[in-house]
Amino acid sequence: RPGPARAAAEQALALAPGSPEAAYYLGRALAALGDRLAARQALVRAADSAPASAWRIRAEQQIGLLGL
């Protein structure tokens, strides 16, 4: 359910603005809701928040898979 997932990710980002995990899940939820631009922005934020991590890899993969 992308709506509740979006709300949860937004709440997590409010509590921890630098969280790559929260940004990643926000991007996934936004993509599922059809908001491609916001999804790309969130996934790029996730990648940039943790450049040497699995979150960057996951975010980049999602950007590629979604054609963002």
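In this report, the structure presented in the accompanying data block is examined. (Residues numbered from 1 in each chain as written. Predicted model: local features only at pLDDT ≥ 70, side-chain atom pairs only at ≥ 80, totals over all residues. Heavy atoms only, no water.)

Some remarks on the nonpolar core
Thought 1: In terms of nonpolar packing, the biggest core is built from 17 residues, with Tyr24, Leu26, Leu30, Leu43 and Ala59 touching the most fellow members.
Thought 2: Secondary-structure elements contributing two or more residues to this core are helix H1 (2-15), helix H2 (20-32), helix H3 (36-49) and helix H4 (54-66).
Thought 3: At 6 residues, the largest contribution of residues to this core is made by H3.
Thought 4: In contact with Ala59, other than residues within four places in its own chain, are Tyr24, Leu43, Ala46 and Ala47. (Core = buried A, V, L, I, M, F, W, Y, C linked by side-chain atoms within 4.5 Å. Buried < 20%, exposed > 50% of the residue type's maximum accessible area, 1.4 Å probe, protein only. Helix = DSSP H or I, 4+ residues; strand = E, 2+ residues; numbered from the N terminus. Contact = heavy atoms within 4.5 Å.)

Digging into the pattern of salt bridges
Side-chain pairing between opposite charges can occur once the charged atoms of the two side chains come close.
Thought 1: Under the counting rule described, the total for this entry stands at 3 salt bridges.
Thought 2: Across the salt bridge formed by Arg6 and Glu10, the nearest N and O atoms sit 3.0 Å from each other. Within this pair, Arg6 and its partner Glu10 are both found in helix H1, separated by 4 residues, close to a single helical turn.
Thought 3: The class for Glu10 is partly exposed, based on a relative accessible area of 36%.
Thought 4: One salt bridge connects Glu60 with Arg56, and the closest N-O pair in it is separated by 3.0 Å. Here Glu60 pairs with Arg56, and both are found in helix H4, just 4 residues apart, close to one helical turn.
Thought 5: What you see here is one network of salt bridges that share partners, running through Asp48, Arg56 and Glu60. (Salt bridge = Lys/Arg side-chain N within 4 Å of Asp/Glu carboxyl O.)

With respect to the side chain of Ser19
Thought 1: Along the polypeptide, Ser19 turns up in the loop between H1 and H2.
Thought 2: Within the structure, the side chain of Ser19 is placed 3.1 Å from the backbone nitrogen of Ala22, a separation counted as a polar contact. (Polar contact = N/O pair within 3.5 Å; in protein donor to acceptor, adjacent residues only side chain to side chain.)

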